[in-house]
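Close look at the chain arrangement
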Amino acid sequence: MGIFRRTTQTLIYTTLVLLLTACFKDNKTPVTPSIIPIPSEQIITKGVFLLNSDTKLSFDEELKEVSNLFKSYIEGGNKIKLNSTSKNTIHFKIDASITNIEGYHLKITPEEILISAKSQKGAFYAFQSLTQLLPIDTENANRSEIAIQCLEIKDAPQFKYRGMHLDVGRHFFSVDFIKKFINIMSMLKMNTFHWHLTEDQGWRIEIKKYPKLQEIAAFRNETLVGHYSEQPHKYDGEKYGGFYTQEQIKEVVKYASERQITIIPEIEMPGHAQAAISAYPALGCTGEQVEVATKWGVFDDIYCPTETTFKFLEDVIDEVITLFPGKYIHIGGDEAPKTRWKECNHCQKLIKKEGLKDEHELQSYFITRMEKYINSKGKQIIGWDEILEGGLAPNATVMSWRGTSGAVEAAKQKHNVILTPNTYCYFDHYQATNENEPLAIGGFLPLEKVYSFNPIPEELTKEESKYVLGAQGNIWTEYMQTSDKVEYMAFPRMVALSEVVWSSAENKNYEDFKKRLIYFQKTLDKLDVNYANHLYEISGNVTYKNDELLYTLEASSNDQNIRFTTDGTNPTLISKIYTQPILIEKNTVIKAASFNEKKIISHVFSQTIKSHKATGKKISLNVKPNEAYNAGGIKALINGVSGSDERYGDKEWLGFNGDDVEITIEFDNPTEINSIATRFYNGNGQWIYAPKDFNLQLKLEDGKTIISKSKIENRDSLLVNFNLDVSQFYPKGERIKSTSIKITIPNYGIIPKGKQGSSNKAWTFIDEIIIK
């Protein structure tokens, strides 16, 4: 199963069981209500409903399908056989007074379970809540009777779009796994599965009119091994690929529909098209043969806006719409380099002919033309937020991934938007700081941050916020070769997102959610889901109080003890229990872990803190770090903690998107400075480039300023170290003190042609600034 396959021996969980007295001679113990996502209104009442073979099942005809689903769920693995007698009753009822088409009312008394809904959708969600009130093993426990807690729930979703995305282009997954994924989505009341079917690295949908898509575009010759940033690149030398037949897609669509989930297919255009061009070179601008991409990233070969290309895409759409009955077709629109278009005579002539300003407006022309065709087929388009560039197609829905600005811009133009910002919704990012976490693309997105997401951007007015349809979690699979790995990255973050998009903000509480999640993990266990579990993992932060440097420890779940050491040894059951922040008076290695009364129940957390002359001092920047790479705040630059050697997305590295960065550090008292050191991340595959220059202004206590301009050498490695001997600028033999320093780090500039992200400004990533 791999190193990240969870075992039952790894962690111990506790489940709170509430014993409620029933109105019967025998004392029955129902499941304590722990529903996820948490309902809008829930009132627990006295008593239990006894579900057994004396229970009658009835339904309004419109809800027959959901009623039968419930009957199969109960009878499939138990001795219980629901019948037409009436000792107690379960009734599925249509209620037109419920305003939300997905809303429901669930009332359980000792005599009756009444499920009321406006539609089959609402009844299905009531069924999902009801199953969470039953024992985990209901489907195969062979019980003759089940006690269900009496309560009343009135519930409806906050957002109409509640989605999950899965990229099957980078890595391909079986139909059985797709069904498993969709089934868990339905349990969490999510209603949209965004199926990312085409990519540079593989075309995954059968198109009968173009057989080479299956024969050529669906398979790549080999696959990159390790992280893109690791140089030189290595490959496995093995042919890889696959595709879904149209019959398989129909099977999945039907399966999803039965679970009230709509599937949105994504057919990328004009970018991420190298696989298709490998099968039909005439679709590209050069007409030259290219191969299906074998590594990750963004590629220059995109669809050329010729009549040949438009005819191909229209034919593809014709076959796609017969397979997917939903309202939307996702057309991508993201990460489309304009390199080929700038060099293409046809593209330049088309720009002049159509009176377009540039290649960005040519992309808008491309998207608008395809939108008209898709609209003519009775469908609407969704595109990533790049479709805003050059002008938004008239009826398009925008999926905002580069933060929330795209959503704000589109909503203000009165276009529907779906929020999926990488800062909250990219489940390919690391979810813990443990060094033994499985390889990921980068970033840092812990469970609590997902749960904290508010899909309504604060810049929108109440009227504009009506254009926010909802939110979606995205799973990009460059570093997920197996379904086990997908599950590890998806869960439990998908569980947290389900509550974000269903439950109202006033009902959300992270501490309560974690308790319910601990119980829901038993359901994931039953389904053999390889979820990540960091509920007892330790994290830490540098804090300051009265000029003292302190280190604070915390666990995601605080119902167990944290034990720690400060001498570099691993903690044990006899180590000191953490009760207050740890005073740091010298360079210190802290190791900590969560313990129950018997043993360790988390990984060992380790942190080295190195105090230096800037630690805890006043710091300011001329620009804010990018939101996705600012987990530690600006104090992370001088908190005594260095970033990871392997992950630029942890909370110690700060990332800046194309900006020149000015860092000012002010000292409490004039301070003698001998050296300044830092390091830069240089992952060119992620558009990250170490800067070329390091400029310093040293303000002395006599009011004078020393100015230094230095070149950063040896910039070929992944981590670029820079160390400046400041004492060389002082008069010989003198000890000079400074009141502040200003460091200016100019951005690398435009990424060169032929490199990932070419023509874009580079990112700058800066680690701890160490002053001695």
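Scoring rules and cut-offs
- Residues numbered from 1 in each chain as written.
- Predicted model: local features only at pLDDT ≥ 70, side-chain atom pairs only at ≥ 80, totals over all residues.
- Heavy atoms only, no water.
- Pairing = 2+ DSSP bridges.
- Helix = DSSP H or I, 4+ residues; strand = E, 2+ residues; numbered from the N terminus.
- Patch = residues over 30% accessible without salt bridge, like charges linked within 9 Å, V, L, I, M, F, W, Y side chains within 5 Å.
- Areas by Shrake-Rupley, 256 points an atom, 1.4 Å probe, with all protein chains shown as cover.
- Salt bridge = Lys/Arg side-chain N within 4 Å of Asp/Glu carboxyl O.
- Lys, Arg positive; Asp, Glu negative; His and termini not counted.
- Charge placed at Lys NZ, Arg CZ, Asp CG, Glu CD.
- Axes fitted to C-alpha atoms, helices over the stretch in contact; angles between N-to-C directions.
- Parallel < 35°, antiparallel > 145°, perpendicular 65-115°, else oblique.
- Contact = heavy atoms within 4.5 Å.
- Nonpolar A, V, L, I, M, F, W, Y, C, P; charged D, E, K, R; others polar.
- Buried < 20%, exposed > 50% of the residue type's maximum accessible area, 1.4 Å probe, protein only.
- Expected span 1.5 Å × (residues − 1).
- Bend = angle between axes of the 7 residues up to and from the residue.
- Polar contact = N/O pair within 3.5 Å; in protein donor to acceptor, adjacent residues only side chain to side chain.
- Core = buried A, V, L, I, M, F, W, Y, C linked by side-chain atoms within 4.5 Å.
- Left-handed = near helix turned anticlockwise from the far one by under 90°.
- Phe/Tyr/Trp six-rings, centres within 6.5 Å; stacked < 30°, edge-to-face > 60°.

Remarks on the sheet that holds strand β23 (residues 538-545)
In space, the 3 strands of this open sheet follow the order β23-β24-β27, with antiparallel pairing throughout. In this open sheet, the two edge strands, each paired with only one partner strand, are β23 and β27 (582-583).

Re a negative patch on the surface
Negative charge collects at one region of the surface, where Asp547, Glu548, Glu585 and Asp668 lie side by side. Tracing the backbone through its elements, the reader meets Glu548 in strand β24 (residues 548-555).

Quick word on the packing of helix α9 (residues 345-353) against helix α10 (residues 359-376)
Packing of α9 against α10 leaves a shortest axis separation of 10 Å and a crossing angle of 80°. The angle between the axes of α9 and α10 places the two elements in the roughly perpendicular class. Contacts between α9 and α10 involve Cys347, Gln348, Leu350 and Ile351 from the former and Glu359, Leu362 and Tyr365 from the latter. Residue composition of the contact of α9 with α10, grouped by class: 5 nonpolar, 1 polar and 1 charged.

Points about unusual backbone geometry
For residues other than glycine, phi is negative in most cases, and the peptide bonds are mostly trans. Cis geometry marks the peptide bond from Ile36 to Pro37, where omega comes out at -5°. Of note, Pro37 is situated in the segment before β1 (41-52). Pro492 follows Phe491 through a cis peptide bond whose omega is 15°. Here Pro492 is to be found in the loop between α14 (483-490) and α15 (493-502).

What to know about the side chain of Ser465
For Ser465, the position within the fold is in the loop between α13 (447-451) and β22 (468-475). A residue is classified by how much of its surface remains accessible, and Ser465, at 16% relative accessible area, is buried.

Regarding the pairing of β22
Within β22, 8 of the 8 residues are buried, which leaves the element mostly enclosed by the surrounding structure. Pairing analysis gives 6 bridges linking strand β7 (residues 161-167) to β22, with the strands arranged parallel. Counted as the bridge partner of His165 is Asn474 from β22. Looking at chain direction, strand β19 (residues 417-419) and β22 are connected through 3 bridges and run parallel. Bridge pairing in β22 places Val417 opposite Val468.

Comments concerning helix α16 (residues 510-526)
Between the first and last C-alpha of α16 there are 24 Å, a value that for 17 residues agrees with the 24 Å anticipated at 1.5 Å per step. The largest bend along α16 reaches roughly 30° and is located at Ile518. On the buried face of α16, the contacting elements are α3 (175-187), α13 and α15. Capping the start of α16 is the job of one residue whose side-chain oxygen sits 3.1 Å from the backbone nitrogen of Glu511: Asn509. Asp528 sits one or two positions beyond α16 and adopts a positive phi of about 60°.

With respect to the nonpolar core
By size, the foremost hydrophobic cluster in this structure holds 123 residues, and its most contacted members are Trp195, Trp203 and Phe312. Sort the elements by how many residues they give to this core and helix α7 (residues 307-323) lands first, with 8 residues. Leu621, Ile706, Val720 and Ile736 belong to the second-largest nonpolar core, a separate cluster that totals 34 residues.

A closer look at helix α2 (residues 120-131)
For α2, with 12 residues, the first-to-last C-alpha span of 16 Å sits near the 16 Å given by 1.5 Å per residue. When you tally the buried positions in α2, you get 10 out of 12 residues, the bulk of the element. Within the sequence span of α2, burial applies to Gly122, Ala123, Phe124, Tyr125, Ala126, Phe127, Gln128, Ser129, Leu130 and Thr131.

Considerations on the environment of Asn434
Within the fold, Asn434 resides in the loop between β20 (429-430) and β21 (442-444). According to the relative accessible area criterion, Asn434 is buried, its value standing at 8%. Along the backbone, Asn434 and Ile538 are 104 residues apart, and their C-alpha atoms lie at a distance of 9.2 Å.

A look at the packing of α3 against α14
When two helices pack together, their arrangement is captured by the angle between the axes and the distance separating the axes. With their axes 11 Å apart at the nearest point, α3 and α14 run at an angle of 15° to one another. It follows that α3 is roughly parallel to α14 by the angle criterion. Here α3 runs over α14; the crossing is right-handed. Judged by residue contacts, Phe177, Lys180 and Phe181 of α3 engage Ser483, Val486, Glu487 and Ala490 from α14.

Re the pattern of salt bridges
The tally for this structure, following the rule as stated, stands at 28 salt bridges. Residue Glu389 is joined to Arg402 by a salt bridge in which the shortest nitrogen-to-oxygen separation is 3.1 Å. Pair noted here: Glu389 is in the loop between β17 (380-384) and β18 (397-400) and Arg402 is in the loop between β18 and α11 (405-412), with a separation of 13 residues, a long-range link. Judged by its relative accessible area of 39%, Arg402 is partly exposed. Taken together, the shared-partner salt bridges in this structure form one network comprising Asp167, Arg170, Glu199 and Glu478.

Let's talk about the packing of aromatic side chains
The final tally for this structure, using the stated rule, is 40 aromatic pairs. With a centroid separation of 6.2 Å and an interplanar angle of 45°, the aromatic rings of Tyr280 and Phe312 are classed as tilted. Separated by 32 residues along the polypeptide, Tyr280 in the loop between α6 (274-279) and α7 and Phe312 in helix α7 bring together distant segments of the chain. We note that Tyr280, like Phe312, is buried. Consider the rings of Tyr629 and Trp763, whose centres lie 5.5 Å apart with planes at 85°: the pair is edge-to-face. Of this pair, Tyr629 sits in the loop between β30 (618-621) and β31 (654-657) while Trp763 sits in strand β38 (residues 763-766); the two residues are 134 residues apart in sequence, bridging distant segments of the chain.

Examining the sheet that holds strand β16 (residues 328-332)
Here 8 strands make up a closed barrel; going around it, the order is β7-β8-β15-β16-β17-β18-β19-β22 and the pairing parallel. Neighbour to neighbour, the strand axes of the sheet diverge by 30° on average, direction disregarded. Sheet topology places strand β15 (residues 262-269) next to β16; 2 bridges connect them, and they run parallel. Residue pairing for β16: Glu266 is matched across the bridge by His330. Sheet strands in contact with α7 are β15 and β16, and its direction is about 170° off that of β15. Here α11 sits on the sheet in contact with β18 and β19, set at roughly 160° to β18.

Remarks on the side chain of Gln128
Inspection of the secondary structure puts Gln128 in helix α2. Residue classification places Gln128 among the buried positions, given a relative accessible area of 6%.

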